[in-house]
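Overview (structure and organization)
As a plain string of letters, each chain reads:
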Amino acid sequence: EAQVTQNPRYLITVTGKKLTVTCSQNMNHEYMSWYRQDPGLGLRQIYYSMNVEVTDKGDVPEGYKVSRKEKRNFPLILESPSPNQTSLYFCASSELAGSSYEQYFGPGTRLTVT
Amino acid sequence: AQTVTQSQPEMSVQEAETVTLSCTYDTSESDYYLFWYKQPPSRQMILVIRQEAYKQQNATENRFSVNFQKAAKSFSLKISDSQLGDAAMYFCAYIDRIGNTPLVFGKGTRLSVIA
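Right, let's walk through the structure included here. Keep in mind the model is a prediction, meaning the values are calculated, not measured. (Residues numbered from 1 in each chain as written. Chains lettered and ligands numbered in written order. Predicted model: local features only at pLDDT ≥ 70, side-chain atom pairs only at ≥ 80, totals over all residues. Heavy atoms only, no water.)

**A short note on the overall build of chain A**
Which entries qualify depends on this criterion: In this description a helix means any DSSP run of H or I spanning at least four residues, a strand means any run of E spanning at least two, and both kinds are numbered starting from the N terminus. Note on method: radius of gyration uses C-alpha positions; expected globular size equals 2.2 Å times residues raised to 0.38. Working definition: with a 1.4 Å probe on protein chains only, accessible area under 20% of the residue-type maximum means buried, over 50% means exposed, and in between means partly exposed. Any two residues whose heavy atoms approach within 4.5 Å at even a single point are treated as in contact. For the accessible areas, the method is Shrake-Rupley and the probe is 1.4 Å, while residue cover comes only from the protein chains on display. His is not counted, nor are the chain ends, whereas Lys and Arg count as positive and Asp and Glu as negative. Taken as the charge location is NZ of Lys, CZ of Arg, CG of Asp or CD of Glu.
Helix and strand counts for chain A come out as zero helices and eleven strands. Ordered by position from the N terminus, the helices and strands of chain A form the series β-β-β-β-β-β-β-β-β-β-β. The C-alpha atoms of chain A give a radius of gyration of 13 Å, which matches the 13 Å a tight globule of 114 residues would have. Looking at chain A residue by residue over its 114 residues, the buried ones come to 53%. For chain A, contacts bridging at least 24 residues in sequence account for 53% of all contacts bridging at least 6. Accessible surface, chain A: about 5,200 Å² in total, of which carbon and sulfur atoms supply 49%. Once the 12 positive and 11 negative side-chain charges of chain A are each reduced to a mean point, those two points are 8 Å apart.

Structural data, given as structure tokens:
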């Protein structure tokens, strides 16, 4: 089954404790991205990647890191989480050339930073 | 930078009736894609419908159709014969065809369906 998986689905942590949210897709998609969703703000892109070893900042990259060492994986790293990073996070993937850029979304990760 | 505006934070519709959700966008590009995504209480993002800017014909998917007005930069979603399962947040989104810019979302419209 074609899918994007994220782990964990729920996470409660404390300020400053490094964490990683994993994202994996099994569709051989070149493009992967991370979004955060906050009430009244919709979804905002954090980082995206056009292919392995190629990453770019989205609209709200501050406080986040990503890496793309393998085509299927695109982890989101919070080196020193802060309460303003409490949010719902989505990973997504899509084809690139010749495609319609339809984004396939993971199930979301609810992060709470206290 | 491209922007997407959904001017209706909340809408409601009677079951079996028709409702239209509005979306406008701003871009200097001529070739792009527009999407409507549905987010039910499960929080999963589900693609409802997609429109390619170079196609004049409005996209249709069963009870869902769009009114794409390229000159006016308008992309509204019409839901016909509304069902209780249509209750959700709906997001309009835009991306350049080149694909090297972020997918830009509107802030969403919460649709309630009244039985």
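Now that the structure has been shown, the text picks up again.
**Side note on the packing of aromatic side chains**
Keep this limit in mind: Ring geometry is summarised as follows: Phe, Tyr and Trp rings, the Trp one being its six-membered ring, pair when their centres sit within 6.5 Å, and such pairs are stacked at plane angles under 30 degrees, edge-to-face over 60 and tilted between the two. Charge over a ring is defined by NZ of Lys or CZ of Arg lying within 6 Å of the ring centre and within 35 degrees of the ring normal.
In the structure shown here, the tally under the stated rule is 16 aromatic pairs over all chains. Residues phenylalanine 91 of chain B and phenylalanine 105 of chain B carry aromatic rings whose centres are separated by 6.3 Å and whose planes lie at 85° to one another, so their mutual orientation is edge-to-face. Of the two residues, phenylalanine 91 of chain B is situated in strand E10 (residues 88-96) and phenylalanine 105 of chain B in strand E11 (residues 104-105); the sequence distance between them amounts to 14 residues. Like phenylalanine 105 of chain B, phenylalanine 91 of chain B is buried. Ring pairing ties together the aromatic residues Tyr35, Phe90 and Phe105 of chain A together with Tyr33, Phe35, Tyr37, Phe91 and Phe105 of chain B, which thus form one cluster. Sitting above the plane of the phenylalanine 74 of chain A ring, arginine 68 of chain A keeps its charged end 6.0 Å from the centroid.

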